[in-house]
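# Survey of secondary and tertiary structure
These are the residues of each chain, in order.
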Amino acid sequence: MSSSQQIASFRKVSAGILASAHLASQEDRPRVTKKEISLVLKRVAPALGIDGTAYHVLDILLGLVQADDFQAGKRPVVAISNQRLAEYTRRTTRTVTRCLKKLVEAGVLAYRDSPTGRRYVYRGSEGALEQAYGLDFTPACFNLEAFKAQADAFQRRIKAEQEARRAVTRFSRAIADMAELEPAEFHGFAARAQSIVIRDELNVVEKSVLLESLYSQVLALHEAQSLQTKDKMSCAGDIHVSPLFITTQTDSFGSNPQRTCSNEQEDNTKTDNGSAVEMALEKEPCGGRTETQRPKSRVERGVGGKLPEANLDGVSIGLIQSACSQVQAETGLTFANWARLCDAADQLRMLIGLSPAGYQLAVERQGRYLAAACLVVVAEKALRDPEHIASPGGYFRAMIDRAGEGKLHLHKSLHGLV
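Read on for a plain summary of the structure. Just so it is clear, the structure is predicted and the values come from calculations on it, not from any experiment. (Residues numbered from 1 in each chain as written. Predicted model: local features only at pLDDT ≥ 70, side-chain atom pairs only at ≥ 80, totals over all residues. Heavy atoms only, no water.)

## Structural notes on the nonpolar core
Membership of the largest hydrophobic core comes to 42 residues, with the highest contact counts inside it found for Ile320, Phe335, Leu348 and Phe396. The set of elements that each furnish at least two residues to this core consists of α14 (317–323), α16 (338–343), α17 (345–352), α18 (356–366), α19 (368–384), α20 (392–404) and α21 (410–417). Looking at this core, the element that brings in the most residues is α19, giving 12 residues. With sequence-adjacent residues up to four places away left out, Leu348 is seen in contact with Val327, Leu333, Phe335, Leu341, Leu375, Val376 and Ala379. In this structure, Val32, Ala45, Leu135 and Phe147 belong to the second largest nonpolar core, which totals 38 residues. (Core = buried A, V, L, I, M, F, W, Y, C linked by side-chain atoms within 4.5 Å. Buried < 20%, exposed > 50% of the residue type's maximum accessible area, 1.4 Å probe, protein only. Helix = DSSP H or I, 4+ residues; strand = E, 2+ residues; numbered from the N terminus. Contact = heavy atoms within 4.5 Å.)

Take a look at the structure:
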């Protein structure tokens with residue numbers, strides 16, 4: 001069947017639609033699995049600009065397509081009307097039509113229209129497709145490798161932008177601090193740094209490069225001034241005097257072997273209360289040395305690998321790292337600590353199709369640690385079983401609501417994933 005026969009006459013044809021139709025007409029479709037298609041499409045969706053309702057529609061279609069239809073000799077077609085999709089997504093049929101067109105032009109789907117434009121699938125007695133008209137996933141099978149490369153490039157770009165944003169903050173603050181501590185000639189550098197930060201025509205990577213170069217100039221100037229100050233404070237013209245050596249070794253603990261324990265205790269009682277609080281002296285037997293040790297706080301001890309500020313009952317970053325292995329493998333992320341998990345929130349949010357406003361509301365309600373933990377759990381479940389969660393974004397919001405009611409047992413979900 002030619003590509004012109006697969007597209008109904010009522011459609012306004014574009015170059016992307018024709019390209020997808022041409023791929024769908026090919027008979028040598030690569031052998032892929034539904035799971036592989038689902039994982040790659042959800043990874044590449046942000047790079048293709050598929051978000052919001054378009055991502056929701058794609059998620060529904062992936063849930064409806066039969067896994068057996070990706071086998072050789074079959075065709076992965078979904079027969080669902082725009083009206084039914086509009087009911088599922090709670091959008092208008094015109095919005096659904098635009099979303100489907102975006103998916104087709106991106107090379108994910110192809111229109112496989114019947115002569116009447118109606119979508120339907122007829123199967124034989126053994127379940128084989130006899131007639132199938134609807135939305136065809138064949139173009140995604142051909143574009144799978146290209147989508148993988150595009151998703152990897154997008155992840156690298158996201159990481160580079162994250163590092164650049166951190167560099168912009170780090171260098172701009174360092175230059176501003178130098179302007180406050182050093183003479184007036186550094187104030188010009190601070191003004192230049194601020195002008196670089198607010199320039200809209202530069203992207204964040206270009207800003208980081210310019211700020212790093214400016215910071216190098218600041219360091220060079222600071223080093224030159226330090227050398228000048230050293231020269232002014234040199235020992236030329238100083239009067240040479242003989243050093244005075246104190247030979248009586250009674251000025252420190254343990255230096256005098258005849259010092260008694262009672263003397264040590266007497267000296268300890270003479271110290272003021274502030275010094276006693278700051279430095280706890282742990283004494284050894286008489287004649288031994290003394291050590292000053294500061295007791296570790298609960299934050300420094302990191303009991304159980306948990307972050308105390310997170311206030312997550314039974315949940316540690318180690319448990320999250322063990323439970324969410326699929327997310328880390330597919331995205332290349334590593335949740336070594338809570339800070340890295342929070343930094344990956346934007347990437348995870350796009351992975352499940354959640355809007356920035358929706359995630360910000362969750363952070364305001366339950367804090368960034370619980371919100372990030374719920375986010376990675378939803379992403380892990382969606383990657384493992386795409387058919388289980390029809391709307392990952394709605395699933396995330398439901399978890400936040402249950403947390404507000406005190407009914408969320410996140411540690412049980414994580415142990416189940418482990």
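## Structural notes on helix α2 (residues 15–24)
Restricting attention to buried positions, one finds in α2 the residues Gly16, Ile17, Ser20, Ala21 and Ala24. Buried residues along α2 cover an arc of 135° about the axis, so they all sit on one side. (Arc of directions from axis to C-beta.)

## Quick notes on the packing of aromatic side chains
The full count for this structure, using the stated rule, is five aromatic pairs. Summarising the aromatic geometry, the rings of Tyr120 and Tyr133 are spaced 5.3 Å apart at their centres and angled 55° between planes, so their arrangement reads as tilted. Of this pair, Tyr120 sits in strand β3 (residues 120–123) while Tyr133 sits in strand β4 (residues 129–136), and the two are 13 residues apart along the sequence. For the residue pair Tyr120 and Tyr133, the accessibility class agrees, reading buried in each case. Ring centres of Trp338 and Tyr369 lie 5.9 Å apart, and the angle between their planes is 80°; on these two criteria the pair is classed as edge-to-face. Here Tyr369 lies in helix α19 and Trp338 lies in helix α16, a separation of 31 residues in the sequence. Each member of the pair, Trp338 as well as Tyr369, is classed as buried. Ring-pair connections join several aromatic residues into one group, and the members of that group are Tyr120, Tyr122 and Tyr133. Its end group placed over the ring of Tyr111, Arg11 keeps NZ or CZ at 3.7 Å from the ring centre. The ring of Phe171 carries the charged tip of Arg170 above its face, separated from the ring centre by 5.0 Å. (Phe/Tyr/Trp six-rings, centres within 6.5 Å; stacked < 30°, edge-to-face > 60°. Lys NZ or Arg CZ within 6 Å of the ring centre and 35° of its normal.)

## Comments concerning the side chain of Arg75
Mapped onto the elements of the fold, Arg75 is located in the loop between α4 (52–64) and β1 (77–78). Of the polar contacts made by the side chain of Arg75, one reaches the backbone oxygen of Ala24; its length is 2.9 Å. (Polar contact = N/O pair within 3.5 Å; in protein donor to acceptor, adjacent residues only side chain to side chain.)

## As for the layout of surface pockets
In this structure, the largest pocket spans a volume of roughly 560 Å³. Counting residues per element, the ones that place at least two in the lining of the largest pocket are α4, α5 (82–89), α17 and α20. With five residues, the single largest contributor to the lining of the largest pocket is α4. Within the lining of the largest pocket, the residues separate by chemical class into eight nonpolar, 10 polar and six charged. (1 Å grid on protein atoms, 1.4 Å probe; cavity = no way out; pocket = protein on both sides within 12 Å on 5 of 7 lines; lining within 4 Å. Points joined across faces, edges and corners; volume = space filled by probe spheres on them. Nonpolar A, V, L, I, M, F, W, Y, C, P; charged D, E, K, R; others polar.)

## Digging into helix α3 (residues 34–48)
Taking 1.5 Å per residue, 15 residues should reach 21 Å; α3 reaches 20 Å between its end C-alpha atoms and fits that length. Along α3, the sharpest kink reaches roughly 30°, centred on Lys42 and followed within four residues by the proline Pro46. Within α3, 11 of the 15 residues are buried, which leaves it mostly tucked inside the rest of the structure. Taken as a whole, α3 has its buried residues at Lys34, Ile37, Ser38, Leu39, Val40, Leu41, Lys42, Arg43, Val44, Ala45 and Pro46. Residue Gly49 follows α3 closely and has a positive phi angle near 75°. (Expected span 1.5 Å × (residues − 1). Bend = angle between axes of the 7 residues up to and from the residue.)

## A few points about the environment of Pro139
Note on placement: Pro139 falls in helix α7 (residues 138–142). Each C-alpha atom, one on Pro139 and one on Val104, is 8.6 Å from the other, the two residues being 35 residues apart in sequence. Excluding its chain neighbours within four sequence positions, the residues that come into contact with Pro139 are Ser20, Leu23, Ala24, Gly107, Val108, Leu109 and Ala110.

## Comments concerning the environment of Cys99
Mapped onto the fold, Cys99 is located in helix α6 (residues 93–105). Sequence spacing of Cys99 and Gly52 is 47 residues, and the spatial spacing of their C-alpha atoms is 9.4 Å. In this view, Cys99 contacts Thr53, Ala54 and Val57; residues no more than four positions away in its chain are not counted.

## Quick word on the pattern of salt bridges
Once the charged atoms of two side chains with opposite charge are near each other, the side chains can pair. Throughout the structure, instances matching the rule amount to 15 salt bridges. Across the pair Glu36 and Lys148 runs a salt bridge whose closest N-O atoms are separated by 3.0 Å. Here Glu36, found in helix α3, pairs with Lys148, found in helix α8 (residues 144–181); they are 112 residues apart in sequence, far enough to count as distant. With a closest N to O distance of 2.8 Å, Arg365 and Asp401 form a salt bridge. Residue Arg365 is found in helix α18, and its partner Asp401 is found in helix α20; the two are separated by 36 residues along the sequence. Among the residues examined, Asp401 registers a relative accessible area of 36% and is labelled partly exposed. A cluster of three or more residues bridged by salt bridges with shared partners is formed by Glu36, Glu145 and Lys148. (Salt bridge = Lys/Arg side-chain N within 4 Å of Asp/Glu carboxyl O.)

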